[in-house]
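Structure at a glance
As a plain string of letters, each chain reads:
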There are 4 protein chains.
Amino acid sequence: MEALKLASREKQSPYTVVEIDSPQGPVRIGEGYCTVIAGPCAVENREEYLLIAQVLKEMGVHILRGGAFKPRSSPYSFMGLGVEGLKILAEARELTGLPVVTEVMDTRDIELISSYADILQVGSRNMQNFSLLQAVGRINKPVILKRGLSATIEEWLLAAEYILSAGNQKLILCERGIRTFESYTRNTLDIGAVVAVKELSHLPIIVDPSHATGRWKMVRPASKAAMVAGADGLMVEVHPYPERALSDGKQSLNPDNFARLWTEVKQLADIEGKHY
Amino acid sequence: MEALKLASREKQSPYTVVEIDSPQGPVRIGEGYCTVIAGPCAVENREEYLLIAQVLKEMGVHILRGGAFKPRSSPYSFMGLGVEGLKILAEARELTGLPVVTEVMDTRDIELISSYADILQVGSRNMQNFSLLQAVGRINKPVILKRGLSATIEEWLLAAEYILSAGNQKLILCERGIRTFESYTRNTLDIGAVVAVKELSHLPIIVDPSHATGRWKMVRPASKAAMVAGADGLMVEVHPYPERALSDGKQSLNPDNFARLWTEVKQLADIEGKHY
Amino acid sequence: MEALKLASREKQSPYTVVEIDSPQGPVRIGEGYCTVIAGPCAVENREEYLLIAQVLKEMGVHILRGGAFKPRSSPYSFMGLGVEGLKILAEARELTGLPVVTEVMDTRDIELISSYADILQVGSRNMQNFSLLQAVGRINKPVILKRGLSATIEEWLLAAEYILSAGNQKLILCERGIRTFESYTRNTLDIGAVVAVKELSHLPIIVDPSHATGRWKMVRPASKAAMVAGADGLMVEVHPYPERALSDGKQSLNPDNFARLWTEVKQLADIEGKHY
Amino acid sequence: MEALKLASREKQSPYTVVEIDSPQGPVRIGEGYCTVIAGPCAVENREEYLLIAQVLKEMGVHILRGGAFKPRSSPYSFMGLGVEGLKILAEARELTGLPVVTEVMDTRDIELISSYADILQVGSRNMQNFSLLQAVGRINKPVILKRGLSATIEEWLLAAEYILSAGNQKLILCERGIRTFESYTRNTLDIGAVVAVKELSHLPIIVDPSHATGRWKMVRPASKAAMVAGADGLMVEVHPYPERALSDGKQSLNPDNFARLWTEVKQLADIEGKHY
């Protein structure tokens, strides 16, 4: 992949570890670490979010996730709480000391979201929203860049190149499944992409097993597969009551199932020599 | 497709014909018309653009195309002339009397681009950039919405629903090929999507045979196929000297080949009872 | 496509026209012809088959189709009438004077089927059943080779190469849609493949719009698109009573709708200068 | 998946463990076991095959693989040694005491191959060769059924249903990657399919990481991912000298790299409580 420059492992020094500031000191994502991000798809209400945040904190999760601005296929679906959601995220961070990540969808929202969140996420549908890539490349916050629904590995790394070349080196990639003909799963987890990215790039790569499978029963085995394939972390949807989630309920774990996942993943992280 | 409301043919009155203002009176796109948009992928320099604009005008093309802000997979590729490109487009419009269409990639650029162009295009990579969809939904300019690289027909129509529900009814869909395993062609022209959209929606649909095939030799037969399958128009890349185009040269027609295409397409439009 | 030898247009003389013997003299498929094959998916019973055969004959169809041995995803589905179906096909040929085509799925059946049918079809699922390809390559009967569900154009032409290199030059290719993520249509008609095959190979190529779309309303526009894209013919599912067909009812035309298709296709064939 | 009967876990007793006879007693594949099949893509010559067979035996591999009849996209590629290859396989079995598996492509070859091999493999290209499925369903030998290049999980299980309903219950499924738009890897390993099959069916499922990735460096992490996702075993291409293999050299491991893979996989099998 000749077009790669700043994202290339060959052309840069090996393996970047991104540090995320948090009230409790830096959280790291990259080679040698197994970092877990968890939380509900969307921030739906204050009480439930603070509850799940504390539960996850006690389980040893490193970073909280929660959508305030939600990309939805239909304009008639729940779109998130917006600024109110950001405030709840900030409160959860205060409460738990954990950094929070949330999605940004519009260049005009970057400043606002940056004032609340520790990490900004660029979602799959915006992986080739080049204006947004350039804009998050000019801020001084870590960014998670999800792979596009049908992006090749090369296109994904070139999208990363947009952010890096604009100046922001705190970049984390996230494989979240690709679109194929298979319809039993929501997407097809491309485990080979994890291996490929570790080979081609120095950037950290994590896996979102929730979107990659779309079925909560598959999230645990998919997470374990990601870990032994070389992923540097996971981003998992956990909801206190998945059956009444406003979005992605079918792919969300309840806290008990997440606890089992995390126990089994840590066992594998030990074997792989990864810190958590 | 229950989620459809404003884009649904069943729920709305049949077939919308979009009118585009131009110095020479309105240009129409929709059922009963065969409307052709042509021009180079990008506006590369003033002289060549004005030259090709006049040639196309004389051939009977209805609308000129040309990219000023270009979405490119790599940040190191030619990205268009920006504002200078917009000015050249405006000059071509003055010269020919034809309306012009160009792509918008950032919500912050909508006002600027609207002041130069007659139609705004939302590209494939931004089909689910919901902020952009909502923003172009709030202006009073026709919009062309290209299908995403791997968007289902339903997702595409729901993206249209974003624009319609924000208030803008001057919307035209554009099929430009989807991503499949086949690598001989750049994309796979989904001719069935044209038929499906005419069945499901009242919105006009045009076809971009240049991106759909990626090979100039295939553009003419693909255009003819689109016409008899029910497309309301075409958007074709034509460059005065394809071999030295800064982008998409391989899929661009020279004026002679475009002339042959247009002759054969008009013959089919006559059979189908479409005005041009 | 360097691996191509006998299927390559460049390396062989231009455009093969395959002649099929019939009681009424030869039927031709290839450049310059628009040849139509029609009939129900499966031969279901004698009376209905003879009826539709005569109707199709009167409409000017050139070749009759009908499955006697049906490939079905589930072993519990209707699999065709077997030898009894072959006998009905032979009777229809007697009655109408038209040649008949039917599918062969097993090397052991080739001799049997050859004794009843004029053309043998190798179906999509067997496109890379190399034993079968070699075996039909050794007989002296025309063969229709359908494209595999997710075969690249190159793999398809290499499958053709198997038949040609075994000695049988009476070979016709049939595009029948490929598998993609789109689920509104049964498959995605790859109209570009028609253009590509005419460019790369001298072999005749026809299109099966019934399988390519899976919806009868889409069959007519898809057929027209195939014709102007350069296809040498069509293979269309027509059933006297689609609503009670034992297979593929949703994609089958009734005789009236087929008549309309055929009228419109002939109009296009005239423009393209194709005999029918 | 209502159409499933004999392959369904819900409708049948839980988890089948297939027993394969061998000079050294039965080898088992199924829930609770981690069974490894290894060997070169094709049997290329006697000396090298016997050498690698002994090396693999000493490493603790359970079953030997090697193609005698090779399915190749082009008729001009190396197609295997045929009967001579079968004889070498039988000799390797004598020498090592390990059972051997080889591919069958033609119903007419089943008896011949059965007289040499302990397991018959139906390859991806023949997954919907229903005659072959029915024929191997009538023998009393274990069968490995590979997933088709673009088969859905449902189609794959229905193909299994063909074999089971014909009488043969000694059936093992093999995921070997599916065809997607991604071209960096030869195929896309569908790790979710492993999880899905364990959920939907009682049949054993193994993974072929060599075809699924097409790159030897990716085979080890892909194998580990398969193991923790629930696979009952692996089928890995190992060649004494990959750089001069007549087929699949790029995806073949040399013995040293395979040894490392096997060590790491066994460590995971211990954690998962699987025998090997």
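Our structure is the block above this text.
None of the values given here were measured: they were computed from a predicted structure. (Residues numbered from 1 in each chain as written. Chains lettered and ligands numbered in written order. Predicted model: local features only at pLDDT ≥ 70, side-chain atom pairs only at ≥ 80, totals over all residues.)

Comments concerning the overall build of chain A
The line we're drawing: Runs of E in the DSSP output that reach at least two residues are strands. Runs of H or I that reach at least four are helices, and both are numbered from the N terminus. Throughout, the radius of gyration refers to the C-alpha atoms, and the reference size of a globule is 2.2 Å times the residue count to the power 0.38. The exposure scheme places C-beta atoms from the backbone and then counts, for each residue, the other C-beta atoms within 10 Å of its own, assigning buried at 20 or more, exposed at 12 or fewer, and partly exposed in between. The contact rule is simple: place each C-beta atom from the backbone, and if two of them lie within 7 Å, those residues are in contact.
The secondary structure content of chain A amounts to 9 helices and 10 strands. Here chain A has a C-alpha radius of gyration of 17 Å; the compact-globule value for 276 residues is 19 Å, and the two agree. If you line up chain A on its principal axes, its C-alpha atoms span 50 × 45 × 40 Å. Residues classed as buried in chain A amount to 63% of the 276 residues present. Contacts in chain A between residues at least 24 apart in sequence constitute 67% of all its contacts with a sequence separation of at least 6.

Section: the relation of the copies chain D and chain A
Rule in force here: Each copy is superposed on the other by least squares, with the fit set by C-alpha atoms of residues at a pLDDT of at least 70 in both.
Once turned by 180 degrees and shifted 0.0 Å along the axis, chain D lies on chain A with an RMSD of 0.0 Å. Accordingly, the operation relating the two chain copies is best matched by a two-fold axis. Of every C-alpha in chain D, the one belonging to Ala225 of chain D sits nearest the axis of rotation, 2.0 Å from it. A high fraction, 100%, of the interface residues of chain D reappear at the interface in chain A, so the copies pair face to face through one surface.

Things to note about the relation of the copies chain B and chain D
Mapping chain B onto chain D calls for a rotation angle of 180 degrees and an axial translation of 0.0 Å; the resulting RMSD is 0.0 Å. Counting the interface residues of chain B, we find that 100% of their copies in chain D are interface residues as well, pointing to one common contact surface.

Focus on the interface of chain D and chain A
For the record, the criterion: Residues are sorted three ways: Asp, Glu, Lys and Arg are charged, Ala, Val, Leu, Ile, Met, Phe, Trp, Tyr, Cys and Pro are nonpolar, and all the rest, Gly among them, are polar.
The partner chain A presents 31 residues to the 31 residues of chain D that form the contact. At the level of secondary structure, the elements contributing two or more residues to the side of chain D that touches chain A comprise helix H6 (191-200), helix H8 (216-229) and helix H9 (255-272) of chain D. At 8 residues, H8 of chain D tops the list of elements feeding residues into the side of chain D that touches chain A. Looking at the side of chain D that touches chain A residue by residue, the classes come out as 16 nonpolar, 10 polar and 5 charged.

Let's talk about unusual backbone geometry
Residue and element names in this part refer to chain C. We note that Tyr15 has phi near 40 degrees; this positive angle belongs to a residue other than glycine. For Tyr15, the location among the structural elements is in the segment before strand E1 (18-20). The exposure class of Tyr15 is partly exposed, given the 15 C-beta atoms found within 10 Å. Phi is positive for Asp248, which is not a glycine, with a value near 60 degrees. In this structure, Asp248 sits in the loop between strand E10 (233-237) and helix H9 (255-272). Overall, the presence of 20 C-beta atoms within 10 Å leaves Asp248 in the buried class.

Brief notes about the pairing of strand E3 (residues 35-39) of chain B
Residue and element names in this part refer to chain B. Here is the rule we go by: Whether two strands pair depends on DSSP finding at least two bridges between them. With its strands directed away from the observer, a crossover is right-handed exactly when the path from the first strand over the helix to the second travels clockwise.
Of all 5 residues in E3, 5 are buried; the element is thus mostly enclosed. Taking every second residue as pointing to the same face, both faces of E3 are buried, with Thr35, Ile37 and Gly39 on one and Val36 and Ala38 on the other. Pairing geometry for E3 and strand E4 (residues 63-65), over 2 bridges, is parallel. Pairing of Ile37 across the sheet is with Ile63, part of E4. With helix H1 (residues 46-59) bridging E3 and the parallel E4, this β-α-β connection has right-handed handedness.

Let's talk about the interface of chain B and chain D
Taken together, the contact pairs 4 residues of chain B with 4 residues of chain D. Here the residues of the side of chain B that touches chain D sort into 1 nonpolar, 2 polar and 1 charged.

Notes on the packing of H6 of chain D against H8 of chain D
Residue and element names in this part refer to chain D. As a reminder, the rule being used: Angles here are taken between N-to-C directions and fall from 0 to 180 degrees, while the axes themselves are lines fitted to C-alpha atoms, restricted in helices to the stretch in contact. By definition in this entry, angles of less than 35 degrees are roughly parallel, angles greater than 145 are roughly antiparallel, angles of 65 to 115 are roughly perpendicular, and the rest are oblique. It is the rotation of the near helix from the far one that decides the hand of a crossing: anticlockwise by less than a right angle makes it left-handed, clockwise makes it right-handed.
Running from N to C, H6 and H8 point in directions that differ by 25 degrees, and their axes come no closer than 9 Å. By the angle between their directions, the pair H6 and H8 is classed as roughly parallel. Considering how the two elements wind past one another, H6 and H8 form a crossing that is right-handed. Residue-level inspection shows Ile191, Val194 and Val195 of H6 in contact with H8, the latter providing Ala225, Ala226 and Ala229. When grouped by side-chain class, the residues that make up the contact of H6 with H8 number 6 nonpolar, no polar and no charged.

A look at the pairing of strand E7 (residues 143-146) of chain A
Residue and element names in this part refer to chain A. Side chains Val143 and Leu145 of E7 all project onto a buried face; the interleaved residues Ile144 and Lys146 project onto the opposite face, where all are buried too. Of the strand pairs in this sheet, strand E6 (residues 119-122) and E7 are connected by 3 bridges, and their pairing is parallel. In the strand pairing of E7, Val122 is matched with Leu145. This β-α-β element, E6 to helix H4 (residues 130-136) to E7, shows right-handed connectivity. Judged from the 4 bridges that link them, E7 and strand E8 (residues 171-175) form a sheet pairing that is parallel. Note on E8: the bridge partner recorded for Leu145 is Leu173. With helix H5 (residues 153-165) bridging E7 and the parallel E8, this β-α-β connection has right-handed handedness.

Some remarks on the environment of Leu171 of chain B
Residue and element names in this part refer to chain B. Here Leu171 lies in strand E8 (residues 171-175). Here the alpha-carbon distance between Leu171 and Lys141, two residues 30 residues apart in the chain, equals 8.9 Å. The contacts of Leu171, once residues within four sequence positions are left out, are Val143, Leu145, Ala160, Ile163, Leu164 and Leu203.

Side note on the packing of helix H1 (residues 46-59) of chain C against helix H2 (residues 83-96) of chain C
All names here are of chain C. Between H1 and H2, the shortest axis-to-axis distance is 10 Å and the interhelical angle comes to 35 degrees. Once H1 is placed against H2, the crossing between them reads as right-handed. Mapping the contact onto sequence places Arg46, Tyr49, Leu50, Ala53, Gln54 and Lys57 in H1 and Ile88, Glu91, Ala92, Leu95 and Thr96 in H2. Across the contact of H1 with H2, the residue classes break down as 6 nonpolar, 2 polar and 3 charged.

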